[in-house]
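Observations on the model geometry
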Amino acid sequence: MDRYLPPITTSILTAVDLFQKTDLYSKCLHFYRHSTRNELLVLGGATFLTVYNFISYIKARREKLNLPPRVGYAFPLLGHLPYLLYDSNRFLDWCSQKYGDLYDINIAGSITTVASGHSAEEALKAVHEDLSLEEGVLKDVLYLHYVLDEMTFEMGFKANPPVAKDVIASHKIGRLTERIERGLERGLRELGNGQDNLRLDNPSFFLQRFVAYMSVSSLVGEEVETNLEVIQSFADFTGDVTNNVGIFMAVPTVLHRFIVPFLQKVEWHRKVMRKHVLPIVRDRRRKIREAAEHGQDHGLDPNFLQGLIEHKKEDGSQYTDEEVAQSVLLIAFASVHTTSMNLSFCIYWLLARPDLRAELEKEIAEVLGDKPITNESLKEMKFLEQFIREVLRQGVDKLATTKAVMREVYTFANGYQVPKGRRVQSANRQLNMMGLNATRSEVDQMDPAMSGKKLATQPGRDFVTFGLGKHLCPGRFFAVHEIKMSLIVLLRRYDIATVSGKTPSPNRYLGGMISVTSEDPLILTKKSSI
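Every chain begins its residue count from 1, and numbering advances along the sequence as written. Under the rules for a predicted model, residues below a pLDDT of 70 receive no local features and side-chain atom pairs below 80 are neither given nor counted, while totals for whole chains, interfaces and linings still include all residues. Hydrogen atoms and water are omitted, and side-chain values are computed over all heavy atoms in the structure.

**Concerning the overall build of the chain**
Runs of E in the DSSP output that reach at least two residues are strands. Runs of H or I that reach at least four are helices, and both are numbered from the N terminus. Counting its secondary structure elements, the chain contains 21 helices and twelve strands. Note on classification: 1.4 Å probe, protein chains only; a residue is buried when its accessible area is under 20% of the maximum for its type, exposed when over 50%, partly exposed between these limits. The 530 residues of the chain split such that 48% are buried. Contacts were defined at the residue level, with two residues in contact if any of their heavy atoms lie within 4.5 Å. Look at the contacts in the chain between residues 6 or more apart in sequence, and 73% of them connect residues 24 or more apart. Per-residue accessibility takes into account occlusion by the displayed protein chains alone, with areas from the Shrake-Rupley method and a 1.4 Å probe. Within the structure as shown, the chain displays about 26,100 Å² of accessible surface, and the carbon and sulfur contribution to it stands at 56%.

Given below as structure tokens:
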């Protein structure tokens with residue numbers, strides 16, 4: 001074998017010798033000796049991504065794919081990221097106008113296909129076998145695979161949607177009003193520690209706990225309605241995911257496994273589910289068996305957990321007790337994250353726009369007065385419906401719903417093709433604003449009347465906050481119901497203001513793309529009439 005090596009070895013040594021004689025070699029050596037480890041890691045990662053994407057691009061060209069146009073004027077290593085950070089509205093609107101509904105941009109060395117207009121609608125409606133949400137946003141952005149196993153992912157896509165459509169459908173939400181209100185009152189009482197004034201230095205943390213109090217009883221059952229460990233797990237699991245997105249995006253993927261133990265309490269959450277939820281699952285299944293033996297209906301509360309317990313797979317089998325118990329963590333994230341985030345958007349919009357707050361408080365006084373909240377009174381509150389819908393419209397990501405191409409080649413209706421593994425992002429804010437991110441982008445341009453008589457849960461081509469087609473969020477009715485009740489109770493009970501006294505920004509964007517909540521500290525002062 002050795003006789004085959006000399007020619008190759010000689011060629012390599014010759015190339016190395018020639019390189020060492022150039023000025024570039026001395027410059028590279030000087031850079032290496034004077035760079036920190038972190039600088040070298042960042043440079044190495046960026047170089048790898050650049051080379052990888054360049055090779056993929058050349059390969060795609062050789063395969064004669066009809067690729068989307070590549071946006072020009074990219075910076076070395078950073079790509080188009082500086083434009084997104086500086087003015088993402090203007091940049092994305094310019095891209096759509098110049099390149100059409102489908103184009104490729106470079107985000108820090110990673111090539112991403114952006115779908116707007118009809119192509120965005122197509123991407124949102126695409127089936128999992130073509131464009132995968134699981135392999136996209138859930139793993140690329142939220143990194144949920146760090147805290148959930150494969151079986152929980154399977155349940156999330158195959159069991160959760162049909163159960164949600166059955167258990168928390170629009171016509172069934174009304175029966176949960178009393179439970180939600182009980183949890184809401186308990187949350188304020190226990191989180192407030194009996195104080196008249198609440199200072200929220202970390203509003204997201206407070207709202208995640210607050211929403212967890214409301215959600216646990218309706219989704220898991222009255223058995224854990226007052227269980228503080230389950231409530232804490234519901235809330236903190238959401239924070240473990242969302243609070244670390246920025247860190248994971250900034251740190252190279254190869255280093256994630258070293259920092260995850262310091263950022264997330266995965267095993268603690270699983271132990272809580274095993275300790276408190278698993279016995280409930282086993283007890284309910286025992287009651288189901290006993291009722292079936294006597295030819296009777298089990299009469300158990302038809303909540304979300306019960307739906308998962310009774311759910312049957314395509315082959316007729318059921319998920320194990322342990323699998324059902326652990327799947328509650330995904331339910332926790334979906335419910336607490338969606339509701340707490342959009343409730344936060346609502347609160348900060350009311351602070352940024354005192355005129356909207358005055359209008360909403362007026363409607364609450366006229367419809368409710370001092371009376372308790374009822375399903376009928378909620379239906380009467382037209383401005384509340386319009387306001388929440390417009391907040392949901394404004395709060396969507398500019399580049400959202402990252403999906404991974406699963407087939408060797410995915411061809412859009414316009415003929416453009418994207419290769420396997422490519423990430424496709426939808427320009428959701430453009431869709432919500434009828435084609436332009438710049439539309440109603442200023443705080444004083446926010447107008448609830450633009451929603452007309454449409455419900456906050458009603459989808460449309462100009463309202464994709466909850467998705468489109470078969471992929472509509474089935475939990476949207478539950479989330480909006482909780483938001484409505486929360487706003488009413490908070491506004492009736494407290495004067496809400498920023499600690500600084502300054503007008504906050506209702507929406508912020510991570511990387512110029514991902515909508516995140518404001519974290520301006522708040523002060524809740526109990527009204528004298530309460």
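**Here we look at the packing of aromatic side chains**
Pairing of aromatic rings covers Phe, Tyr and the six-membered ring of Trp, with a centre-to-centre limit of 6.5 Å; geometry is then stacked below 30 degrees between planes, edge-to-face above 60, and tilted otherwise. This structure, assessed with the given rule, holds 13 aromatic pairs. Centroid distance Phe206 to Phe210: 6.0 Å. Interplanar angle 10°. Geometry classified as stacked. With a gap of four residues between them, Phe206 and Phe210 both fall in helix 10 (residues 203-219), about one helical turn apart. Ring pairing ties together the aromatic residues Tyr73, Phe75, Tyr83, Phe91, Trp94, Tyr99 and Tyr103, which thus form one cluster. We call a charge positioned over a ring when the NZ of a Lys or the CZ of an Arg lies within 6 Å of the ring centre and within 35 degrees of the ring normal. One residue, Lys139, lies across the ring of Phe153, its end atom 5.5 Å from the ring centre. Across the ring face of Tyr509, the terminal group of Lys398 is positioned such that the distance to the ring centre comes to 4.1 Å.

**Regarding the sheet that holds strand 5 (residues 400-405)**
Strands qualify as paired when DSSP identifies two bridges or more between them. One open sheet accounts for five strands, arranged 1-2-8-5-3; its pairing is mixed. At either end of the open sheet lies a strand with only one pairing partner, and these are strand 1 (102-107) and strand 3 (131-132). Where strand 2 (residues 110-115) lies against strand 8 (residues 423-426), four bridges are found, and the strand directions are parallel. Across the sheet, Ala115 pairs through a bridge with Ser426, a residue of strand 8. Axis angles are defined between N-to-C directions and span 0 to 180 degrees, where every axis is a line fitted to C-alpha atoms and, for a helix, only to the segment in contact. The sheet strands contacting helix 5 (residues 117-125) are strand 1, strand 2, strand 3, strand 5 and strand 8, and the helix crosses strand 8 at an angle near 115°.

**Some points on the layout of surface pockets**
A 1.4 Å probe that fits but cannot get out identifies a cavity on a 1 Å grid over protein atoms alone, an open set with protein on both sides within 12 Å along at least five of seven lines counts as a pocket, and a residue lines either if it has an atom within 4 Å of a point. Grid points are joined across faces, edges and corners, and a volume is the space filled by probe spheres set on the points. For the second largest pocket, the calculated volume is near 510 Å³. Considering the residues around the second largest pocket, the lining is formed by 20 residues, among which Leu378, Lys379, Glu385, Leu455 and Lys484 are closest to the centre. When residues of the lining of the second largest pocket are traced back to their parent elements, those giving at least two are helix 18 (375-380), helix 19 (382-394) and helix 21 (476-493). Split into classes, the residues belonging to the lining of the second largest pocket amount to six nonpolar, eight polar and six charged. Note that Gly is not counted as nonpolar here; it falls among the polar residues with everything else outside the nonpolar set of Ala, Val, Leu, Ile, Met, Phe, Trp, Tyr, Cys and Pro and the charged set of Asp, Glu, Lys and Arg.

**Here we look at the pairing of strand 5**
Along any regular strand the residues' side chains alternate between the sheet's two faces. Burial of strand 5 is extensive: five of the six residues sit out of reach of the surface. Pairing between strand 3 and strand 5: two bridges, direction antiparallel. Note on strand 5: the bridge partner recorded for Leu131 is Val405.

**Observations regarding the pattern of salt bridges**
Whenever Lys or Arg places a side-chain nitrogen within 4 Å of a carboxyl oxygen from Asp or Glu, that contact is recorded as a salt bridge. Summed over the entire model, instances satisfying the criterion amount to 36 salt bridges. Put simply, Arg274 and Glu322 hold a salt bridge, and the shortest N to O gap is 3.1 Å. Of this pair, Arg274 sits in helix 14 (residues 266-293) while Glu322 sits in helix 16 (residues 321-352), and the two are 48 residues apart along the sequence. Salt bridges sharing partners connect three or more residues here, namely Glu178, Arg179, Arg182, Arg186, Glu222, Glu225 and Asp301.

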